[in-house]
Amino acid sequence: MATGIIRTRERLAFRFDKLGLIIAILVLYGALLAPFATFRANRIIQGEARAILEALPPPLGYGLLALVVAGAGVAFLRTPRLLRMAVALAALAALALLIGVAADHLTPPDNSFARVSPASGFWVLVFAFSLLLADALTRLNPGPGLRLLVFAGVLVLAGGMLVTGRWDDLSIMKEYANRADLFWTEAGRHVTLALGSLAAATIVGLPLGILCHRVGLPLGILCHRVERLRAGVLNVLNAIQTIPSIALFGILIAPLGWVAANVPGAAAIGIRGIGAAPAFVALFLYSLLPVVANTVVGLAGVPHAANDAARGIGMTDRQRLVAIEFPLAFPVILTGIRIVLVQNIGLATIAALIGGGGFGVFVFQGVGQTAMDLVLLGAIPTVVLAFTAGIVLDALVEMTLPNRSRGNAA
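Residues numbered from 1 in each chain as written. Predicted model: local features only at pLDDT ≥ 70, side-chain atom pairs only at ≥ 80, totals over all residues. Heavy atoms only, no water.

Engineer: Quick rundown of the overall build of the chain? Include the residues and the values.
Structural biologist: Helices and strands together make up the secondary structure of the chain, namely 17 helices and three strands. Residue burial in the chain is summarised as follows: out of 410 residues, 41% are buried. At a minimum sequence separation of 6, the contacts of the chain that also span at least 24 residues come to 75%. Of the roughly 20,800 Å² that the chain leaves accessible, carbon and sulfur atoms contribute 70%. (Helix = DSSP H or I, 4+ residues; strand = E, 2+ residues; numbered from the N terminus. Buried < 20%, exposed > 50% of the residue type's maximum accessible area, 1.4 Å probe, protein only. Contact = heavy atoms within 4.5 Å. Areas by Shrake-Rupley, 256 points an atom, 1.4 Å probe, with all protein chains shown as cover.)

Engineer: So, the side chain of threonine 295: which residues are in play, and what are the values?
Structural biologist: On the secondary structure map, threonine 295 appears in helix α12 (residues 276-300). If we skip the residues at most four places from it in the chain, threonine 295 touches Gly205, Leu206, Gly209, Ile210 and Ile333.

Engineer: Please give an account of the side chain of threonine 382 that cites residues and values.
Structural biologist: Here threonine 382 is to be found in helix α16 (residues 372-400). In contact with threonine 382, other than residues within four places in its own chain, are His190, Ile345, Gly346, Thr349 and Phe359.

Engineer: Kindly report on the sheet that holds strand β1 (residues 37-40), identifying the contributing residues and their values.
Structural biologist: Pairing is antiparallel in the open sheet, where three strands are placed in the order β2-β1-β3. Unpaired on one side and paired on the other, β2 (48-50) and β3 (115-118) mark the two borders of the sheet. On average, adjacent strands in this sheet sit at an angle of 25 degrees to one another, irrespective of strand direction. Note: β1 against β2, three bridges, orientation antiparallel. Counted as the bridge partner of phenylalanine 39 is glutamate 48 from β2. Helix α5 (residues 81-106) contacts β1, β2 and β3 of the sheet and is inclined by roughly 155 degrees relative to β3. (Pairing = 2+ DSSP bridges. Axes fitted to C-alpha atoms, helices over the stretch in contact; angles between N-to-C directions.)

Engineer: So what about the packing of helix α4 (residues 58-76) against helix α6 (residues 120-140)? Which residues, and what values?
Structural biologist: Following both chains from N to C, one finds α4 and α6 inclined at 35 degrees, their axes separated by 11 Å at the closest point. α6 is crossed by α4, and the crossing has left-handed handedness. Counted together, Val68, Gly71 and Ala75 of α4 and Leu125, Phe129 and Leu132 of α6 form the full contact between these two elements. Residue classes in the contact of α4 with α6 are distributed as five nonpolar, one polar and no charged. (Left-handed = near helix turned anticlockwise from the far one by under 90°. Nonpolar A, V, L, I, M, F, W, Y, C, P; charged D, E, K, R; others polar.)

Engineer: Mind laying out helix α8 (residues 171-178), listing which residues take part and the relevant values?
Structural biologist: Where α8 is concerned, the buried positions are Ser171, Ile172, Met173, Lys174 and Glu175. The secondary structure elements touched by the buried residues of α8 are β1, β3, α7 (144-163) and α16.

Engineer: Summarise the pairing of β3; cite the residues concerned and give the values.
Structural biologist: Of the two faces of β3, the one carrying Arg115 and Ser117 and the one carrying Val116 and Pro118 are both buried. By the bridge criterion, four bridges tie β1 to β3 in an arrangement that is antiparallel. Looking at the pairing, phenylalanine 39 lines up with valine 116 of β3.

Engineer: So what's going on with the nonpolar core? Residues and values would help.
Structural biologist: Val27, Phe36, Ile52, Leu64, Leu125 and Phe129 are the most contacted members of the largest nonpolar core, which totals 50 residues. For this core, the element with the highest residue contribution is α5, accounting for 12 residues. For valine 27, the residues in contact, after removing those within four places along its chain, are Val68, Ala72, Leu125, Ala128 and Phe129. Counting residues in hydrophobic clusters, the runner-up holds 26 residues, among them Leu193, Ile240, Ala348 and Ile354. (Core = buried A, V, L, I, M, F, W, Y, C linked by side-chain atoms within 4.5 Å.)

Engineer: Would you mind going over the pattern of salt bridges in detail, with residue names and values included?
Structural biologist: Applying the stated criterion across every chain yields a total of eight salt bridges. Glutamate 48 is paired through a salt bridge with arginine 50; the nearest N and O atoms lie 2.8 Å apart. The partner of glutamate 398 in a salt bridge is arginine 147, with the nearest N and O atoms 2.8 Å apart. You can see glutamate 398 sitting in helix α16 and its partner arginine 147 sitting in helix α7, a full 251 residues away along the chain. Because the salt bridges share partners, they merge into one network encompassing Arg84, Asp135 and Arg139. (Salt bridge = Lys/Arg side-chain N within 4 Å of Asp/Glu carboxyl O.)

Engineer: Summarise the packing of aromatic side chains; cite the residues concerned and give the values.
Structural biologist: In this description, an aromatic ring pair is defined by two values, namely the gap between the centres and the angle between the planes. With the rule as written, the count across this model stands at eight aromatic pairs. With a centroid separation of 5.8 Å and an interplanar angle of 80 degrees, the aromatic rings of phenylalanine 36 and phenylalanine 122 are classed as edge-to-face. Of this pair, phenylalanine 36 sits in the loop between α2 (18-33) and β1 while phenylalanine 122 sits in helix α6, placing them 86 residues apart in sequence. The same class applies to phenylalanine 36 as to phenylalanine 122, namely buried. Centre to centre, the rings of phenylalanine 183 and phenylalanine 359 are 5.4 Å apart; their planes meet at 40 degrees, and the pair counts as tilted. In this pair, phenylalanine 183 sits in helix α9 (residues 180-214) while phenylalanine 359 sits in the loop between α14 (317-347) and α15 (360-369), placing the two residues 176 residues apart along the sequence. (Phe/Tyr/Trp six-rings, centres within 6.5 Å; stacked < 30°, edge-to-face > 60°.)

Engineer: Quick rundown of unusual backbone geometry? Include the residues and the values.
Structural biologist: Its identity is not glycine, yet asparagine 141 carries a phi of approximately 55 degrees, on the positive side. For asparagine 141, the position within the fold is in the loop between α6 and α7.

Engineer: Account for the confidence of the model for the chain, naming residues and giving values.
Structural biologist: Within the chain, residue pLDDT values average 83, and 90% of them lie at 70 or more. Here residues 216-222 is a poorly scored stretch, pLDDT under 50, and it has six contacts once near neighbours within four places are set aside; other chains count. (pLDDT = per-residue confidence, 0-100.)

Engineer: Explain the environment of threonine 370 to me, and be specific about the residues and the numbers.
Structural biologist: Residue position: threonine 370 is located in the loop between α15 and α16. For threonine 370, a relative accessible area of 58% puts it in the exposed group. Sequence separation between threonine 370 and isoleucine 44 is 326 residues; the distance between their C-alpha atoms is 6.4 Å.

Engineer: Outline the packing of α5 against α6, supporting the account with residue identities and numerical values.
Structural biologist: Interaxial distance between α5 and α6 falls to 8 Å at its minimum, and their mutual angle equals 155 degrees. Taken together, the axes of α5 and α6 are roughly antiparallel relative to one another. Crossing handedness for the pair α5 and α6: left-handed. Contact residues: Arg81, Leu82, Arg84, Met85, Ala88, Leu89, Ala91, Leu92, Leu95 and Ile99 in α5; Phe122, Leu125, Val126, Phe129, Ser130, Leu132, Leu133, Asp135, Ala136, Leu137, Arg139 and Leu140 in α6. (Parallel < 35°, antiparallel > 145°, perpendicular 65-115°, else oblique.)

Spelled out as structure tokens, the structure:
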């Protein structure tokens with residue numbers, strides 16, 4: 001009896017996938033219980049939820065239900081990895097196409113005030129099938145090139161929907177149409193803040209990290225002083241990280257305002273108490289800790305045998321740093337840069353509160369107007385930028401790893 005129960009459990013464990021069970025529950029909830037789209041007579045009033053069969057013409061509605069229910073079955077069972085990936089991609093493509101169809105179907109003819117937006121069921125389905133795609137890719141264990149190719153395919157799909165106008169009837173696209181010029185201006189400011197602060201932190205943080213490491217080598221009494229230097233630098237940068245972002249933005253307004261008023265030429269180059277300057281300085285300060293700490297950790301992780309061999313062939317300290325230590329530490333340093341870039345893309349949103357611009361302009365305008373689609377106009381590009389930066393830099397980190405480390409990481 002006990003043996004039979006154990007065998008039954010083993011068969012069930014073999015046939016059913018634990019993560020797939022969670023994905024299947026999410027898919028069934030999003031498809032059958034949650035609304036697929038929301039219809040509003042104008043941009044700010046309460047919306048009316050519409051299920052899949054209400055939001056889409058019947059053939060497309062039943063087709064989408066059949067596809068996502070089949071996807072739930074594929075996720076629940078231990079199906080081949082390639083099949084899981086194919087079903088996830090097909091479901092995501094269908095959702096991307098049909099949410100635009102739903103907007104066109106629900107919007108009355110010649111009505112420019114009505115708004116249709118994706119509802120919770122749509123987002124749950126997107127999340128569930130994205131999770132299924134990520135799970136399939138993880139099990140396939142592809143190289144960084146294939147991961148980038150799959151992600152590029154997803155971006156091409158979204159770009160195709162935008163270019164062909166499939167999403168033009170969605171509320172978020174109507175918000176974009178009313179603010180197209182401002183959108184790209186703020187996008188440029190957002191990217192400038194994120195990348196500019198990262199570049200400045202890299203220029204300052206790399207030498208500072210090298211200094212904290214190099215002079216921390218065993219040099220008798222100097223070693224104790226440098227250990228204090230390293231601890232002091234890292235403690236100060238850690239303290240900066242503990243300051244809430246909006247508080248740090250506010251703290252910097254007064255000193256930068258004083259600089260603009262008293263230093264000749266400061267205002268001419270953009271230094272002011274409010275605007276992009278305090279946001280840039282705050283993001284720069286937040287960026288220093290990951291860059292400096294990962295530089296120290298990366299250089300400290302260089303094998304002693306490599307340094308000993310370099311000394312044995314007569315390399316100077318500078319030659320060892322450039323030719324041996326820095327290349328071996330580069331993957332760890334690049335990981336710190338990845339952390340900084342993703343962090344800065346998110347934090348740059350708050351810069352709008354002090355006049356720094358960026359996608360946060362739309363987020364806070366939307367909050368003030370209780371217009372959720374305007375909030376999404378700022379939030380979605382921010383998420384896409386951060387996600388893209390994370391995936392691309394993750395792939396670059398893996399590409400820079402030595403073959404043995406890459407195999408261990410896989």
